[in-house]
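One-letter residues, chain by chain:
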Amino acid sequence: MSLTDYFIRKPEFEIVPLEADDLPQAAAVHKLRFTSPWSDGELHSLLVQDTVFGFIARQSNASARPLTGGFVLSRVAAGEAEILTIGVDPRFSRLGLGWRLMRAALREARDRAAETVFLEVDETNVAAIDLYRKLGFANVGERRAYYQGVGGTRTAALVMRLDLG
């Protein structure tokens, strides 16, 4: 271990339930990932619903203010779950945080008696689509011109499904 490694530690993250106090950090991550980001108020209006839950990747080895690596927000109703949104801070991409957040959400959905999970993803988000496919999701539909990108371009949302049973 070099002297630099001693003073500059790579962040380690734990996946914990998302709480109202976490929403400003979650909104900041959402802003980094989406062209039409949700505010902490919008996230709060979802999180206070009985059917909605989420998880956050919080730095566990911080000596001061812990970093937020990402978050996921989901809901379960009538045996079906939906991934409402998920985002990982670009600084921490490729560390497995998306996988860990999704696994936590899928476990909680199963615990809440969901049999099926749905999500929508921008057709251009190749990394996310690859993650969802590795988790077992399959394409079941498409919403044409659903997302508005930079410069007014429109892209489709792929609708994906995972059976938990």
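Conventions and cut-offs
- Residues numbered from 1 in each chain as written.
- Predicted model: local features only at pLDDT ≥ 70, side-chain atom pairs only at ≥ 80, totals over all residues.
- Heavy atoms only, no water.
- Helix = DSSP H or I, 4+ residues; strand = E, 2+ residues; numbered from the N terminus.
- Rg over C-alpha atoms; globule rule 2.2 N^0.38 Å.
- Contact = heavy atoms within 4.5 Å.
- Areas by Shrake-Rupley, 256 points an atom, 1.4 Å probe, with all protein chains shown as cover.
- Lys, Arg positive; Asp, Glu negative; His and termini not counted.
- Charge placed at Lys NZ, Arg CZ, Asp CG, Glu CD.
- Pairing = 2+ DSSP bridges.
- Axes fitted to C-alpha atoms, helices over the stretch in contact; angles between N-to-C directions.
- Core = buried A, V, L, I, M, F, W, Y, C linked by side-chain atoms within 4.5 Å.
- Buried < 20%, exposed > 50% of the residue type's maximum accessible area, 1.4 Å probe, protein only.
- Expected span 1.5 Å × (residues − 1).
- Salt bridge = Lys/Arg side-chain N within 4 Å of Asp/Glu carboxyl O.

A.B. asks: What is the right way to look at the overall build of the chain in this model?
C.D. replies: A count of helices and strands for the chain gives five helices and seven strands. The C-alpha atoms of the chain give 16 Å as radius of gyration, which agrees with the globular expectation for 165 residues (15 Å, within 12%). Overall, the chain is about 50 × 40 × 30 Å in size when its C-alpha atoms are taken along their principal axes. For the chain, contacts bridging at least 24 residues in sequence account for 60% of all contacts bridging at least 6. Put simply, the chain shows about 9,700 Å² of open surface, and 49% of that area lies on carbon and sulfur atoms. Side-chain charges in the chain split into 20 positive and 21 negative, and the spacing between the mean points of these groups amounts to 5 Å.

A.B. asks: How do you make sense of the sheet that holds strand S4 (residues 80-88) when you look at a structure like this?
C.D. replies: Hydrogen bonding along the main chain pairs the strands of a sheet, whether they run parallel or antiparallel. In spatial order, the strands read S1-S2-S3-S4-S5-S7-S6; together these seven strands make up an open sheet with mixed pairing. The open sheet has two edge strands, strand S1 (13-17) and strand S6 (138-148), and neither has a second partner. Pairwise comparison of adjacent strand axes, ignoring direction, gives a mean angle of 25° for this sheet. Pairing geometry for S6 and strand S7 (residues 154-163), over seven bridges, is antiparallel.

A.B. asks: I would appreciate a short explanation of the nonpolar core in the present structure.
C.D. replies: General note: in soluble globular proteins, nonpolar side chains tend to be found buried as a group. Residues Met102, Val117, Tyr132 and Phe137 are the most contacted members of the largest nonpolar core, which totals 32 residues. Where this core is concerned, the elements lending two or more residues are strand S2 (52-59), strand S3 (68-77), S4, helix H4 (97-111), strand S5 (116-122), helix H5 (126-134) and S7. Here this core takes seven residues from H4, the largest share from any one element. One finds Leu18, Leu46, Leu73 and Leu84 within the second-largest nonpolar core, a separate group that totals 14 residues.

A.B. asks: Explain H4 to me, please; I cannot follow it from the model alone.
C.D. replies: Residues separated by three or four positions in an α-helix point in the same direction, a consequence of the helix having 3.6 residues per turn. Relative to the 21 Å expected for 15 residues at 1.5 Å per residue, H4 spans 21 Å between its end C-alpha atoms, a close match to the ideal helical length. Along H4, the positions that sit buried rather than exposed are Leu97, Gly98, Leu101, Met102, Ala104, Ala105, Leu106 and Ala109. Within two residues after H4, Ala113 carries a phi angle of roughly 75°, on the positive side.

A.B. asks: Please clarify how the side chain of Asp89 should be interpreted in this entry.
C.D. replies: Inspection of the secondary structure assignment puts Asp89 in the loop between S4 and H4. Apart from residues lying up to four places away in sequence, Asp89 is in contact with Val29, Leu32, Arg33, Thr68, Gly69 and Gly70.

A.B. asks: Would you take a moment to explain the pattern of salt bridges for this structure?
C.D. replies: If the charged atoms of two oppositely charged side chains come close together, the side chains can form a pair. This model, assessed by the stated rule, comprises seven salt bridges. With a shortest N-O distance of 2.6 Å, Arg58 and Asp22 are connected by a salt bridge. Of the two residues, Arg58 is situated in strand S2 and Asp22 in the loop between S1 and helix H2 (23-33); the sequence distance between them amounts to 36 residues. For Arg58, a relative accessible area of 24% gives the class partly exposed. Among the residues examined, Asp22 registers a relative accessible area of 8% and is labelled buried. A salt bridge links Glu82 to Arg75, with the shortest nitrogen-to-oxygen separation between them at 3.3 Å.

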